[in-house]
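# Understanding the architecture of this molecule
Below, each chain spelled out in residue letters.
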Amino acid sequence: QVQLVESGGGLVQAGASLRLSCAASGRTFSSYAMGWFRQAPGKEREFVAAISRAGGSTRYTDSVKGRFTISRDNAKNTVYLQMSSLKPEDTAVYYCAADRDPPFPPASRPSFYESWGLGTQVTVSS
């Protein structure tokens, strides 16, 4: 399994931007589809975005389309989530996850992902 470490979270005001990063260990990063999920207090973990192995296919949950962009740099073993026009409802712990045997397009269900990071907190104040 790949080891994942998220970074880049923080406290921002509504309308601001943040870029989350997820660094992966190992030499097989490019063989994994990657996803971002989030979990707000008292709520279930929800899908945010996913990207295919080579980065050519992406998908987003409707609430972040046009505001968030997922990307990856396989040379750096890193996946990113660029978040713009942040809203208070985006407040959550954000997790990245890796899918070793991904469908195409990449999956939105957490059960497809075998490896998870510990998360990074994003708080958006109004």
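Further up the page is the structure itself.
Here's what I pulled together on the structure shown here. (Residues numbered from 1 in each chain as written. Predicted model: local features only at pLDDT ≥ 70, side-chain atom pairs only at ≥ 80, totals over all residues. Heavy atoms only, no water.)

This next bit is on the sheet that holds strand E7 (residues 68-73). What the 4 strands build is an open sheet, ordered E1-E3-E8-E7; its pairing is antiparallel. Strands with a single pairing partner mark the edges of an open sheet, and in this sheet they are strand E1 (4-7) and E7. Neighbour to neighbour, the strand axes of the sheet diverge by 15° on average, direction disregarded. As paired strands, E1 and strand E3 (residues 18-24) are joined by 4 bridges and run antiparallel to one another. Residue pairing across strands places leucine 4 opposite alanine 24, the latter belonging to E3. (Pairing = 2+ DSSP bridges. Helix = DSSP H or I, 4+ residues; strand = E, 2+ residues; numbered from the N terminus. Axes fitted to C-alpha atoms, helices over the stretch in contact; angles between N-to-C directions.)

Let's shift gears to the environment of lysine 87. Along the chain, lysine 87 turns up in the loop between strand E8 (78-83) and strand E9 (92-99). For the pair formed by lysine 87 and glycine 9, sequence separation is 78 residues and the distance between their alpha carbons is 14 Å. Those residues in contact with lysine 87 that lie beyond four places of it in its chain are Arg67 and Val124. (Contact = heavy atoms within 4.5 Å.)

Inspection of every chain in the model, using the stated rule, returns 4 salt bridges. A salt bridge links arginine 38 to glutamate 46; the shortest N-O distance between them is 2.6 Å. Note that arginine 38 and aspartate 90 form a salt bridge whose closest N and O atoms lie 2.9 Å from each other. Of this pair, arginine 38 sits in strand E4 (residues 33-39) while aspartate 90 sits in the loop between E8 and E9, and the two are 52 residues apart along the sequence. (Salt bridge = Lys/Arg side-chain N within 4 Å of Asp/Glu carboxyl O.)

The values are spatial; any link to function lies outside them.
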